[in-house]
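Structure at a glance
The residues making up each chain are set out below.
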Amino acid sequence: MSLKLNTKYLEGFVSGEDLGKLKPETEKALSFFYENKSSAPGNDFHGWRTLPEDYDKKEFAEIKAAAEKIRNDSDILIVIGIGGSYLGARAVIEFCKSKNYNLLPGAKPQIFFLGNSLSPTEITEVLSLTKDKDFSVNVISKSGTTTEPSVAFRIFKRRLVEKYGEKQANERIYVTTDRSKGILRREADENSWKSFVIPDDVGGRYSVLTAVGLLPIACAGIDIDKLMKGARDAMNDLKERDVEKNQACRYAAIRNILLRKGKFVEMMVCYEPDYTMMNEWFKQLFGESEGKENKGILPYSGIYSTDLHSLGQYVQEGERILFETLVSFKEPKCDITIEKEENNGDGLNFLAGRKLSYVNKTASQGVILAHTDGSVPNIILELDRMDEENLGYLIYFLEFSCGVSGYILGVNPFNQPGVEAYKKNMFALLGKPGYESQTEKLRARL
């Protein structure tokens, strides 16, 4: 088992009695993935649970082949998608490589993620980068009609045709979409674009281990076999039916106990900046899964020690509404030794000879003690290192925990009815056909 749930710093916040009282609810939630699956809310989106073992092996090989082609013929890959269509891939790339991946020597292709905002500045900047470089596009959308990625794809599709002509442009477009329906599926078939499938039974925020995430990840030179192996190891470990021994169930139960005690904000923190986008992926996974029916834990995040100099005061002494989940790694990607200076002007010679990783680890220990003293419970998820297998394990662990936690909370963790409200208003204000009846009422409110 490559992940350890450390609950040492929950003493005084969560007791064995608390866990015992919640055990029947936790067992019921876990049963929704097994014997009571037919009665589980959202059970038609449980495909992620067996994905590490049941994935399409033929498509997996095609993903590797497409990634190799892109690496050979493209200096830049534009990944167009929003929410679960880009967060997972970007998180994995930055976790395994670097948040500065595009600046690394030999980074080919550079990978830019667009279609996740409507900023003309962002689009224009990346367009300028493609002027003198070869590029390809991977557009990811189940429906093909989501505004942000659709606008970005229209713009970059035109740029491809202008640069290469229609025939060669079609060879540089890679589509990840529905198996049989939708605008993108139709366009892909009509233009012979290379296409990959978003499984019907896997929702967007759970889709990083499908072609949605795997194609961009493979293009970055990351070993997707190892990523899937880590997830498969987690899947096998989390088949444990005893909720007291199942670490994902324990984590889910602890979260709900803390919520019932008034801790309704979970702050995921890490001391490695390359974890930043994993925090963003976590926020969508849990926020979109649990935030329903006026329920749920608000997912928040920070990168320490950086954010201790902006948020640390609030965490230490603000409203006692939050708990922290620290993701820690036993080994850093690399290390550096602090050297002695003769004049010791900064007063840091007491650290001479120490590894910077030791200082970082010690800082985390000091923070844990200070925050728990300040009534901020701390959950720790301990992993060995920042590599593909450990990340695959963590991804599956968090997905499984999220499903169990949502069921304990009493919501469907696999739908997202609330995300449509802003889209309807936006369409009406933009004058999209079919929304005219709402336009004047909304404009009057602005």
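Our structure's up above, just so we're on the same page.
No experiment lies behind these values; they were computed from the predicted model shown. (Residues numbered from 1 in each chain as written. Predicted model: local features only at pLDDT ≥ 70, side-chain atom pairs only at ≥ 80, totals over all residues. Heavy atoms only, no water.)

**So, the layout of surface pockets**
Reported here for the largest pocket is a volume of approximately 810 Å³. Lining the largest pocket are 35 residues; nearest its centre among them are Thr146, Gly204, Glu288, Gln416 and Lys423. Looking at the lining of the largest pocket, the elements that each hand over two or more residues are α6 (147-164), α12 (276-290) and α16 (420-430). Top element by residues in the lining of the largest pocket is α16. It accounts for 3 residues. Each residue belonging to the lining of the largest pocket can be placed in one class, and the counts come to 12 nonpolar, 15 polar and 8 charged. (1 Å grid on protein atoms, 1.4 Å probe; cavity = no way out; pocket = protein on both sides within 12 Å on 5 of 7 lines; lining within 4 Å. Points joined across faces, edges and corners; volume = space filled by probe spheres on them. Helix = DSSP H or I, 4+ residues; strand = E, 2+ residues; numbered from the N terminus. Nonpolar A, V, L, I, M, F, W, Y, C, P; charged D, E, K, R; others polar.)

**Notes on the nonpolar core**
When a protein is soluble and globular, its nonpolar side chains tend to lie buried together. Ranked by size, the top nonpolar core spans 101 residues in total, and within it Tyr275, Leu394, Leu398 and Phe400 carry the most contacts. Among the elements that line this core, the one with the most residues is helix α15 (residues 388-409), at 13 residues. For Leu394, the residues in contact, after removing those within four places along its chain, are Leu3, Tyr275, Met278, Val327, Leu381 and Leu383. By size, the runner-up hydrophobic cluster in this structure holds 22 residues, among which are Ile76, Ile78, Val126 and Ala152. (Core = buried A, V, L, I, M, F, W, Y, C linked by side-chain atoms within 4.5 Å. Buried < 20%, exposed > 50% of the residue type's maximum accessible area, 1.4 Å probe, protein only. Contact = heavy atoms within 4.5 Å.)

**Some thoughts on α16**
When we look at burial in α16, the residues that qualify are Lys423, Met426, Phe427 and Ala428. Those residues of α16 that are buried are in contact with α6 and α17 (436-445). Among the residues trailing α16, Gly431 stands out with phi positive, at a value near 85°.

**Points about the pattern of salt bridges**
Evaluated as defined, the whole model comprises 31 salt bridges. Where Lys69 meets Asp73, a salt bridge forms, and the shortest distance between an N and an O atom there is 2.8 Å. Here Lys69 and its partner Asp73 are both found in helix α3 (residues 57-73), 4 residues apart, which amounts to about one turn of the helix. The exposure class assigned to Lys69 is partly exposed, which follows from its relative accessible area of 35%. The class of Asp73 is partly exposed, set by a relative accessible area of 21%. A salt bridge links Lys142 to Asp178; the nearest nitrogen and oxygen atoms lie 3.1 Å apart. Placement of the pair is Lys142 in the loop between β4 (135-140) and α6 and Asp178 in the loop between β5 (173-177) and α8 (183-191), with a sequence separation of 36 residues. Where salt bridges share partners, they join Lys142, Asp178, Lys181 and Asp200 into one cluster. (Salt bridge = Lys/Arg side-chain N within 4 Å of Asp/Glu carboxyl O.)

**Some words on the sheet that holds strand β1 (residues 3-6)**
Two pairing modes exist for strands in a sheet, parallel and antiparallel, and in both the strands are linked by backbone hydrogen bonds. If you trace the 5 strands from one edge of the open sheet to the other, you get β1-β10-β9-β7-β8, paired in mixed fashion. For this open sheet the edge positions go to β1 and β8 (298-303), each flanked by a neighbour on one side alone. Taking the axes of each pair of neighbouring strands and ignoring which way they run, one obtains an average angle of 20° across the sheet. The strands touched by helix α11 (residues 247-260) are β1, β7 (265-270), β9 (322-329) and β10 (378-383); relative to β1, the strand with the most contacts, the crossing angle is about 30°. Helix α14 (residues 356-373) rests against β9 and β10 of the sheet, and its axis sits at about 155° to β10. (Pairing = 2+ DSSP bridges. Axes fitted to C-alpha atoms, helices over the stretch in contact; angles between N-to-C directions.)

**Notes on the pairing of β7**
Look at any regular strand and the pattern is simple: side chains alternate between the two faces of the sheet. The element β7 is largely enclosed, with a buried count of 6 among its 6 residues. Judged by which residues are buried, β7 turns out to be covered on both faces: Val265, Met267 and Val269 on one side and Glu266, Met268 and Cys270 on the other are all buried. Note that β7 and β8 share 6 bridges and pair parallel. Bridging across to β8, Met268 finds its partner in Ser301. For the crossover from β7 across α12 to β8, the handedness is right-handed. Direction of pairing for β7 relative to β9: parallel, over a ladder of 6 bridges. (Right-handed = clockwise from strand over helix to strand, strands pointing away.)

**Some thoughts on the side chain of Thr130**
Looking at the secondary structure, you find Thr130 in the loop between α5 (120-129) and β4. Among the residues examined, Thr130 registers a relative accessible area of 0% and is labelled buried. Within the structure, Thr130 has its side chain in polar contact with the backbone oxygen of Leu127 (distance 2.7 Å). Side chain to side chain, Thr130 and Arg159 meet in a polar contact 3.1 Å long. Aside from chain neighbours lying at most four places away, what touches Thr130 is Ile76, Ile78, Phe135, Phe156, Arg159 and Lys163. (Polar contact = N/O pair within 3.5 Å; in protein donor to acceptor, adjacent residues only side chain to side chain.)

**Quick notes on the sheet that holds strand β6 (residues 194-197)**
Spatial ordering of the open sheet is given by β3-β2-β4-β5-β6, a layout of 5 strands whose pairing is parallel. The open sheet has two edge strands, β3 (110-114) and β6, and neither has a second partner. Direction aside, neighbouring strands of the sheet carry axes that sit 20° apart on average. Relative to β3, strand β2 (residues 76-80) runs parallel, the two being bridged by 5 bridges. Its bridge partner being in β3, Leu77 is matched across the sheet by Ile111. Running over the sheet, α3 touches β2, β4, β5 and β6 and is turned about 140° from β6.

**Side note on a nonpolar patch on the surface**
Taken together, the side chains of Leu118, Val151 and Ile155 present a nonpolar region at the surface, about 220 Å² in accessible area. With a relative accessible area of 31%, Ile155 lands in the partly exposed category. (Patch = residues over 30% accessible without salt bridge, like charges linked within 9 Å, V, L, I, M, F, W, Y side chains within 5 Å. Areas by Shrake-Rupley, 256 points an atom, 1.4 Å probe, with all protein chains shown as cover.)

What is shown is where atoms sit, not what they do.
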